[in-house]
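These are the residues of each chain, in order.
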Number of protein chains: 2
Amino acid sequence: MAITVVGSVAFDSIETPAGRRERCLGGAATYFSLSASFFTDVRVIAVVGEDFGKRQEAVFQARNIDTRGIEHTAGKSFFWEGSYLENLNEAKTHITDLNVFAAFNPKIPDAYSDSEFLFLANIDPVLQKRVREAMPQARLVAGDTMNYWIKDHRPALLEVLKGLDILLINDTETKMLAGNNNLVQAARAVMSMGPRALVVKHGEYGATLFHGDAQNGGAFRAPALPLEEVVDPTGAGDSFAGGFFGYLASQPEQNPAAFRRAMFYGSVMGSFACERFGTERLQELTRQEIDARFNLFRELTHLA
Amino acid sequence: MAITVVGSVAFDSIETPAGRRERCLGGAATYFSLSASFFTDVRVIAVVGEDFGKRQEAVFQARNIDTRGIEHTAGKSFFWEGSYLENLNEAKTHITDLNVFAAFNPKIPDAYSDSEFLFLANIDPVLQKRVREAMPQARLVAGDTMNYWIKDHRPALLEVLKGLDILLINDTETKMLAGNNNLVQAARAVMSMGPRALVVKHGEYGATLFHGDAQNGGAFRAPALPLEEVVDPTGAGDSFAGGFFGYLASQPEQNPAAFRRAMFYGSVMGSFACERFGTERLQELTRQEIDARFNLFRELTHLA
């Protein structure tokens, strides 16, 4: 089943201990859609400027991603510059130029209107809500957010959470959103705000799925791969989301067993994203490599 | 098979967000032996003062732990006071009174000399080495250490590592010991110092076993239980070690499958230790509860 994703398509200049890259193709919607495209059809809603040309478009086309919802306007695309020199787990932002993104008003192509799966990447919750309302046929809606929206745009964010089935955020964001430092208690509080499933990402330690009422809150833990070298963690969370939601959308039923496998596929895609700068690794990946790593993750965690 | 453990038996005054306890029975060898006693016979080597009386002795007796190697001397037992008010993952030490522990010279009862399993808890590496050399019959030797020995007693510690089969330490200690901030690279460096298996404990995120030459360094990840309430994390690492090594010692073969299950039992015992102050939870635990939680850990991590 097709997923529609709304979010940023951007250029990133990135510095890590492994080196530096100028103006890589990036943005949450880019990482998400490349990652999800290995599992299902993906349609993107975003806005770009005149610096987004054929070379960038070709990256999406190579993965058969529907870009009719990427609006081209005068000006420059969203630009981010950051580094991970001291801590690979947390980016230090040097520059955020919203550019054409500042006036982003998502337009949904008619051709997208039968998408049963909707992913609201990390953007202004006002826009997330608008897209969700414009796509009432979406029967499974997942989303992301960040500390900025949690701290300074809480009322709008709470509105979005009411309409979400699945929220994907990290430890710090979960605790901040709940105002509670215990992860299990915080997870329960966040789920009482709307989402019936919560994926908490722990960076190099993997991720935990909280999904309901089973013993211990129905938790499920997916590992992260212990990586010999993290070249660039940019987009790892969005790639996780793409693998997770892409796999779910590809399944006939979104039952608990499918959620578990989706957690593994999320973690698999996050691990690939870190192996090269920007989207380089996702661009040349194969489904065979993905499934081999899925099996490695099973080996990494299963008793026998 | 019987395990001999050498380490501290102490009194701890502990403050956590859940409350405060004065002079609980504690110490690495105490937590380790209580935890391991659910799996195999345990023999302790330690030193205590006149404040260690029948009440404390009874805690060991209730679990059939051999205490003939606990030397009683004039003076006071090792005393530690600490709190976890800001961060449940890291104790803030207020007082460390070595007392009789300052002159500890481990004496090994003849009755212990057939122990095939030896655990060197976190004490001066000079003493760890002495005990290891005095027990040449031990065919599987595991040990623990801490930042203090890594930083200020490196040559002595390196001598101990040469004689260890398994080292159990945390993330920070692994990276500090290796002088490398990448966990996989650091693990490999530490294993080149002696231990053929390394267990890296990640606190609330579980633990990773590195054991050799398989793909990705033969890593295996055990989860930690997402806990609704952490009452007191003191001794969680030693309880992990007790469950891990106790289970290994109970098995006819210490093969890779046994190591995997041992990681789960370690994590299970660490999770119980946190549920009450000091050794309270370990004292009243049953093997049935342990196996039920083992199954819960499987449920928490396995795809189907």
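**Q** Got a minute to help me understand the relation of the copies chain A and chain B in this structure?
**A** For the pair of chain copies, the relating operation is a rotation around an axis with a shift along it. Its rotation angle being 180°, the transformation that places chain A on chain B also includes 0.0 Å of axial translation and leaves an RMSD of 0.0 Å. The relationship between the two copies is best expressed as a two-fold rotation axis. The overlap is high: 100% of the interface residues of chain A also sit at the interface in chain B, so the same surface is used on both sides.

**Q** Even after reading the chapter, I still don't get the pattern of salt bridges, so can you show me in this structure?
**A** Oppositely charged side chains can pair when the atoms bearing their charge come close. Residue and element names in this part refer to chain A. Scanning all chains against the criterion turns up 41 salt bridges over all chains. Here Arg 281 makes a salt bridge to Glu 275, at a shortest N to O gap of 2.8 Å. Note on Arg 281: relative accessible area 8%, which makes it buried. Residue classification places Glu 275 among the partly exposed positions, given a relative accessible area of 21%. Between Glu 284 and Arg 276 there is a salt bridge whose closest N-O contact spans 3.6 Å.

**Q** I tried to follow the interface of chain A and chain B on my own but got confused; where do I start?
**A** Many descriptions give the size of an interface as the accessible area lost when the pieces come together. The interface is formed by 33 residues belonging to chain A together with 33 residues belonging to chain B. When chain A packs against chain B, close to 3,200 Å² is buried across both sides, 51% of that on carbon and sulfur atoms. Among the residues of chain A in contact with chain B, Tyr205(A), Arg221(A) and Leu303(A) are the three that bury the most area, contributing 27% of the side total. Where chain A packs against chain B, one counts 4 salt bridges. Between Arg188(A) and Glu228(B) there is a salt bridge, with the nearest N and O atoms lying 2.8 Å from each other. Among the elements that line the side of chain A that touches chain B, the one with the most residues is helix H11 (residues 287-301) of chain A, at 6 residues. Of the residues contributing to the side of chain A that touches chain B, the split by class is 15 nonpolar, 7 polar and 11 charged.

**Q** Just to check I follow, could you spell out the environment of Ile14(A) for this structure?
**A** One can find Ile14(A) in strand E2 (residues 10-16). For Ile14(A) and Ser83(A), which are 69 residues apart along the polypeptide, the C-alpha to C-alpha distance reads 5.6 Å.

**Q** Explanation requested: the pairing of strand E3 (residues 19-26) of chain B in the structure shown.
**A** On a regular strand, one side chain projects to one face of the sheet and the next to the other, so that they alternate. All names here are of chain B. Bridge count between strand E2 (residues 10-16) and E3: 6 bridges; the pairing is antiparallel. Bridged to Thr 16 within E3 is Gly 19. Where E2 folds back onto E3 in an antiparallel hairpin, the turn is made up of 2 residues.

**Q** Help me understand helix H5 (residues 154-162) of chain B, please; the structure alone is not making it clear to me.
**A** Because the α-helix completes a turn every 3.6 residues, residues three or four places apart line up on one side. Residues and elements named next belong to chain B. Burial in H5 covers these residues: Leu 157, Val 160 and Leu 161. The buried residues of H5 occupy one face: seen down the axis, they fall within an arc of 100°. Exposed residues on H5 whose side chains face more than 90 degrees from its buried face are Pro 155 and Lys 162. Lining the buried residues of H5 we find strand E8 (117-120), helix H3 (125-134), helix H4 (147-152), strand E10 (166-170) and helix H6 (171-178).

**Q** Explain the pairing of strand E4 (residues 42-48) of chain B to me, please; I cannot follow it from the model alone.
**A** Residues and elements named next belong to chain B. With 7 of its 7 residues buried, E4 lies for the most part within the structure. Residues Val 42, Val 44, Ala 46 and Val 48 point to one face of E4 and Arg 43, Ile 45 and Val 47 to the other, with burial holding for every one of them. The pairing of strand E1 (residues 3-6) with E4 spans 4 bridges and is classified as parallel. Note on E4: the bridge partner recorded for Ile 3 is Val 42.

**Q** Please clarify how the packing of helix H9 (residues 256-273) of chain B against helix H11 (residues 287-301) of chain B should be interpreted in this entry.
**A** The geometry of a pair of packed helices is captured by two quantities: the angle between their axes and the separation between those axes. Residues and elements named next belong to chain B. Remark: H9 packs on H11, axes separated minimally by 9 Å, with the N-to-C direction vectors making an angle of 115°. One way to sum up the angle between H9 and H11 is to call them roughly perpendicular. For the crossing formed where H9 meets H11, the hand is right-handed. For the pair formed by H9 and H11, the contact residues are Arg 261, Phe 264, Tyr 265, Ser 267, Val 268, Met 269, Ser 271 and Phe 272 on the first element and Arg 287, Glu 289, Ile 290, Asp 291, Arg 293, Phe 294, Phe 297, Arg 298 and Thr 301 on the second. Partitioning the contact of H9 with H11 into residue classes produces 8 nonpolar, 3 polar and 6 charged.

About the cut-offs
- Residues numbered from 1 in each chain as written.
- Chains lettered and ligands numbered in written order.
- Predicted model: local features only at pLDDT ≥ 70, side-chain atom pairs only at ≥ 80, totals over all residues.
- Heavy atoms only, no water.
- Least-squares fit on C-alpha atoms with pLDDT ≥ 70 in both.
- Contact = heavy atoms within 4.5 Å.
- Salt bridge = Lys/Arg side-chain N within 4 Å of Asp/Glu carboxyl O.
- Buried < 20%, exposed > 50% of the residue type's maximum accessible area, 1.4 Å probe, protein only.
- Buried area = accessible area lost by both parts, 1.4 Å probe.
- Helix = DSSP H or I, 4+ residues; strand = E, 2+ residues; numbered from the N terminus.
- Nonpolar A, V, L, I, M, F, W, Y, C, P; charged D, E, K, R; others polar.
- Pairing = 2+ DSSP bridges.
- Arc of directions from axis to C-beta.
- Axes fitted to C-alpha atoms, helices over the stretch in contact; angles between N-to-C directions.
- Parallel < 35°, antiparallel > 145°, perpendicular 65-115°, else oblique.
- Left-handed = near helix turned anticlockwise from the far one by under 90°.

Distances and angles like these do not, on their own, reveal function.
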